[in-house]
Amino acid sequence: MIVVPVKEGENIEKALKKFKRKFEKTGIVKELRSRQQFDKPSVTKRLKKERAVYVQQLQQIED
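Residues numbered from 1 in each chain as written. Predicted model: local features only at pLDDT ≥ 70, side-chain atom pairs only at ≥ 80, totals over all residues. Heavy atoms only, no water.

Things to note about the side chain of Glu-10
Within the secondary structure layout, Glu-10 lies in the segment before helix H1 (12-26). Among the polar contacts made by the side chain of Glu-10, one reaches the main-chain amide nitrogen of Lys-7 at a distance of 3.0 Å. Polar side-chain contacts of Glu-10 include one of 3.1 Å to the side chain of Lys-18. Those residues within four positions of Glu-10 in sequence are excluded, and the remaining contacts are Pro-5 and Lys-18. (Helix = DSSP H or I, 4+ residues; strand = E, 2+ residues; numbered from the N terminus. Polar contact = N/O pair within 3.5 Å; in protein donor to acceptor, adjacent residues only side chain to side chain. Contact = heavy atoms within 4.5 Å.)

This is the structure in structure tokens:
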């Protein structure tokens with residue numbers, strides 16, 4: 001359960017923003033979306049490899 005302590009006089013929008021950030025960090029939504037559809041292990045490996053190559057290219061461009 002996610003608990004967001006709200007200080008007295010703190011804005012509701014700030015508290016909602018904190019809640020959304022904590023909720024996003026838990027990864028619940030990401031897991032639910034991945035469970036909606038089965039992906040073959042070979043497909044997940046391929047996608048992971050493609051993402052790793054992409055990230056590596058981005059890092060090389062920065063340097």
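Some thoughts on the confidence of the model for the protein
Detailed conclusions should not be drawn from predicted coordinates in areas where pLDDT is low. Scored by pLDDT, the protein has a mean of 93; 100% of the residues are at 70 or more. The element-level mean pLDDT for the protein is lowest in helix H2 (residues 28-35), coming to 91, with helix H3 (residues 41-62) highest at 96. (pLDDT = per-residue confidence, 0-100.)

Concerning the pattern of salt bridges
Inspection of the entire model under this criterion finds two salt bridges. Across the pair Glu-10 and Lys-18 runs a salt bridge, and its minimum N-O distance is 3.1 Å. For Lys-18, a relative accessible area of 31% corresponds to the partly exposed category. Between Arg-35 and Glu-31 there is a salt bridge, and its shortest N-O distance comes to 2.7 Å. On the criterion of helical spacing, the pair formed by Arg-35 and Glu-31 is a turn pair, its members being four residues apart in helix H2. Taking the relative accessible area as the measure of exposure, Arg-35 reaches 64% and is therefore exposed. (Salt bridge = Lys/Arg side-chain N within 4 Å of Asp/Glu carboxyl O. Buried < 20%, exposed > 50% of the residue type's maximum accessible area, 1.4 Å probe, protein only.)

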